[in-house]
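Chain by chain, the residues run as shown.
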Amino acid sequence: MPAVALASLDTLWFQVGGTVCNLACTHCFISCSPTNHTHEMLTLAEVEQRLAEAAALGVKEYYFTGGEPFLNPEMEAILAATLRQGPATVLTNGLLLDAGRCRRLAELAAGSEYSLDLRVSLDGFTAEANDPIRGAGSFRKVMAGVANLAAAGLNPVLTVTEVHAENATSEGKARFFALLSGLGLAKPRLKVLPVFHLGAEAERSGAYERWQRLAEGDAPAGSWDHLQCSSCRMVTDQGVWVCPILVNEPAGKIGERLADTLDPFHLDHPACWTCHVHGVSCRT
Amino acid sequence: MPLEEFRQAAAAAGRTLSPGERRAALEGWLAAGEDGVPVEGPYRRVVVFGGVYNNHHALAALLEEASRLEAEAVYCLGDLGGFGPHPDRVWPLLREGGVAIIQGNYEQSLASGATDCACGYTDPRDNHFAALSYGYTERHTSPEFKRWMGEQPARRRIAVGGRELLLVHGSPRRVNEFLFASTAPLPFLEVLVAQNRCHGFLCTHTGLPWVRSLPSGAQVANVGVIGRPANNGRTEVCFALLEARREGLAIEIRPLRYHFEALAAEMRAEELPEEFVATVRTGWWTTCLEILPPKERAASRY
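Residues numbered from 1 in each chain as written. Chains lettered and ligands numbered in written order. Predicted model: local features only at pLDDT ≥ 70, side-chain atom pairs only at ≥ 80, totals over all residues. Heavy atoms only, no water.

Undergrad: What is the right way to look at the side chain of A:Thr161 in this model?
TA: Residue and element names in this part refer to chain A. Looking at the element boundaries, Thr161 is found in strand 6 (residues 157-161). Residue Thr161 is classed as buried on the basis of its relative accessible area, which comes to 15%. For Thr161, the contacting residues outside a window of four places in its chain are His27, Leu122, Asp123, Asn167, Leu193 and Val195. (Helix = DSSP H or I, 4+ residues; strand = E, 2+ residues; numbered from the N terminus. Buried < 20%, exposed > 50% of the residue type's maximum accessible area, 1.4 Å probe, protein only. Contact = heavy atoms within 4.5 Å.)

Undergrad: Explain the sheet that holds strand 7 (residues 200-203) of chain B to me, please; I cannot follow it from the model alone.
TA: Two strands in a sheet stick together by hydrogen bonds in their backbones, pointing the same way (parallel) or opposite ways (antiparallel). Residues and elements named next belong to chain B. The strand order across the open sheet built from 6 strands is 1-5-6-7-9-8, with neighbouring strands paired in mixed fashion. Across the chains shown, the open sheet's two edge strands, defined by having one partner strand only, are strand 1 (39-43) and strand 8 (210-213). When strand polarity is set aside, the average angle formed by the axes of neighbouring strands in this sheet is 20°. Direction of pairing for strand 6 (residues 163-167) relative to strand 7: parallel, over a ladder of 2 bridges. Of the residues in strand 7, the one forming a bridge with Leu166 is Phe201. (Pairing = 2+ DSSP bridges. Axes fitted to C-alpha atoms, helices over the stretch in contact; angles between N-to-C directions.)

Undergrad: Can you walk me through unusual backbone geometry in this structure?
TA: Trans is the prevailing form of peptide bonds, just as negative phi is the prevailing case for residues other than glycine. For the peptide bond that leads from A:Gly66 to A:Gly67, omega is 15°, which places it in the cis range. Among the structural elements, A:Gly67 can be located in the loop between strand 3 (61-65) and helix 2 (75-83). In this structure, the amide linkage connecting B:Gly41 to the following residue, B:Pro42, adopts the cis form with an omega of 5°. Among the secondary structure elements, B:Pro42 is positioned in strand 1. The phi angle at A:Ser31 is positive, at roughly 50°, despite the residue not being glycine. Mapped onto the secondary structure, A:Ser31 falls in the loop between strand 2 (11-15) and helix 1 (44-57). Unusually for a residue other than glycine, B:Asp79 sits at a positive phi of about 70°. Mapped onto the elements of the fold, B:Asp79 is located in the loop between strand 3 (73-76) and helix 4 (90-96).

Undergrad: I'm lost on the interface of chain A and chain B in this one. Help?
TA: Many authors give the size of an interface as the accessible area that is lost as the parts come together. Contact with chain A, which involves 44 residues of that partner, is made by 39 residues of chain B. Between chain A and chain B, a total of about 3,000 Å² is buried, with carbon and sulfur atoms accounting for 56% of that surface. In terms of surface lost to chain B, no three residues of chain A exceed A:Lys60, A:Lys187 and A:Pro250, which account for 21% of the buried area on that side. For the salt bridge of B:Arg173 with A:Asp10, the shortest nitrogen-to-oxygen distance reads 2.8 Å. At the junction of chain A and chain B, the tally comes to 14 residue pairs in polar contact (both at pLDDT 80 or more). (Buried area = accessible area lost by both parts, 1.4 Å probe. Salt bridge = Lys/Arg side-chain N within 4 Å of Asp/Glu carboxyl O. Polar contact = N/O pair within 3.5 Å; in protein donor to acceptor, adjacent residues only side chain to side chain.)

Undergrad: Just checking my understanding: could you explain the nonpolar core for this structure?
TA: Among the nonpolar cores identified, the biggest contains 106 residues, and A:Phe14, A:Phe64, A:Leu267 and B:Phe201 are the most heavily contacted of them. It is helix 5 (residues 138-151) of chain A that contributes the most residues to this core, 6 residues altogether. Setting aside chain neighbours within four positions, we find A:Phe64 in contact with A:Phe14, A:Val16, A:Val47, A:Pro69, A:Met75, A:Ile78, A:Leu79, A:Thr82, A:Ala88, A:Thr89, A:Val90 and A:Leu91. B:Ala130, B:Tyr136, B:Trp148 and B:Val277 belong to the second largest nonpolar core, which has 45 residues in total. (Core = buried A, V, L, I, M, F, W, Y, C linked by side-chain atoms within 4.5 Å.)

Undergrad: Whenever I open this one, helix 1 of chain A confuses me. Can you help?
TA: The α-helix winds at 3.6 residues per turn, so residues separated by three or four positions along the chain end up facing the same way. All names here are of chain A. Its 14 residues place the ends of helix 1 20 Å apart at the C-alpha level, agreeing with the 20 Å of an ideal helix rising 1.5 Å per residue. Looking at helix 1, one finds that the buried residues are Leu44, Val47, Arg50, Leu51, Glu53, Ala54 and Leu57. One or two steps after helix 1, the chain reaches Gly58, where phi turns positive at roughly 75°. (Expected span 1.5 Å × (residues − 1).)

Undergrad: I would appreciate a short explanation of the packing of helix 9 (residues 260-269) of chain B against helix 10 (residues 274-282) of chain B in the present structure.
TA: Angle between the axes and distance between the axes are the two parameters that describe a pair of packed helices. Residues and elements named next belong to chain B. At their nearest, the axes of helix 9 and helix 10 sit 9 Å apart, and the two run at 175° to each other. By the criterion of interaxial angle, the relationship of helix 9 to helix 10 is roughly antiparallel. Facing helix 9, whose interface residues are Phe260, Glu261, Leu263, Ala264, Met267 and Arg268, helix 10 presents Glu274, Phe276, Val277, Val280 and Arg281. Split by residue class, the contact of helix 9 with helix 10 holds 7 nonpolar, no polar and 4 charged. (Parallel < 35°, antiparallel > 145°, perpendicular 65-115°, else oblique. Nonpolar A, V, L, I, M, F, W, Y, C, P; charged D, E, K, R; others polar.)

What follows is the structure, given as structure tokens:
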């Protein structure tokens, strides 16, 4: 079975919102919802402890996801602490971006020598395409949130999945760019991700097939360095996982402290096949 | 899987190495091998620059400035080609000026006959301009110059002001890694310095200069480029002056004026994209902006 060595720990992810979310998207690969407590939210104290571990290992960047990070009551304090040490990116569903929050985030960004980035999720360029996936009224709320970010001078990356095939076409991308421009963003940014057939998405569109597994010979030029797990780890309230995708798989957990998780990881999961075949990196 | 079962399975995961084995694994992971690169110098004053991008006008001005500053040595951190006109006009200037160079991704690509510059852009517009730029340089660079590029080292070490500095193109670990001020945190730089057994390092590749003193006392700088302005609305380009001073090594980023209108005229005559000409004349980048982190992008006009 192929194994990927950790070449360097560049990217540290935090499951800062746990698996708790104010949406219950039908394609969520970890089935986040208001009642999913598989992973609980991280506290500021837990994040600070991990930041200290990360500094000793030379981590280059920090990413925050959930669940919905801004449901975490300590999220802004967590970002302030992180931005004293390095650049931070938050993956949010965009529902909790009121004008006051956006202003405070802009102040945090301006007050740090490091970059603060935001990624806002959307799954269609109309409410008719988006809301059946992400929930009734979510399109309108995300538009309002992104407009608030733009008004505060922040330029988020719109993150869409290939849940609708047209999202990833050049016409689809052009429509997303137009949507962002219409909200006052002069330099629109977009990231497109494939779906992972795990969690809610496995129920929606079907689970992985048996043949969707990596074998030793699949590594281009004998190296797995194109996979995100060669340079990242994920921290949740229950320990350290190999990557952001496998946090609902017990086998994805590889230790308690970051320094315990430098060993190679066996690519023994069909989701690893998606990362390889689609060239996925959860990084921006 | 029921939640309780998941938690039990997760709690049982992890490794069972002894603390000693774990410490040894960690030390092994953090330590890089000796690179065997000889140390040049020691110097009291040197000029270091990056990214010529075929800008022979700026290179000529840089060499005059280095001579005026009485620099004992001049180092170029690579990326001789791309963007500007007449690639072969750079070579004689480098040789006459006694410039010591290391390879950038451009030199690696040109010397190996690669079909692109290996910048790794994903935006189609960025790739369009990168391909134009690389194609022009590839067609107009003599085989002898390409061969010479392939003979240059990937890294050098110099001693200045009692410190040993590593010279690299992108970063000590990858020729095309972008080190921007807002995404190169101090703990990350400390580990790179420790792994490479030096008192600091100098890099280029992004086009945007910065200087950092680390808590350990190490010094790291991105020297910027002389090929095009630093996306700041000014037409000057920049280089680094390293000087042994009473208080230790000083690394200073200095502006460099050159005949940018002459460069712009040559670029138009060679039918290079008007977008590139605009950058030379306004000081703002018009392409390859995708690589900029949020902080640097926010300060950018486009």
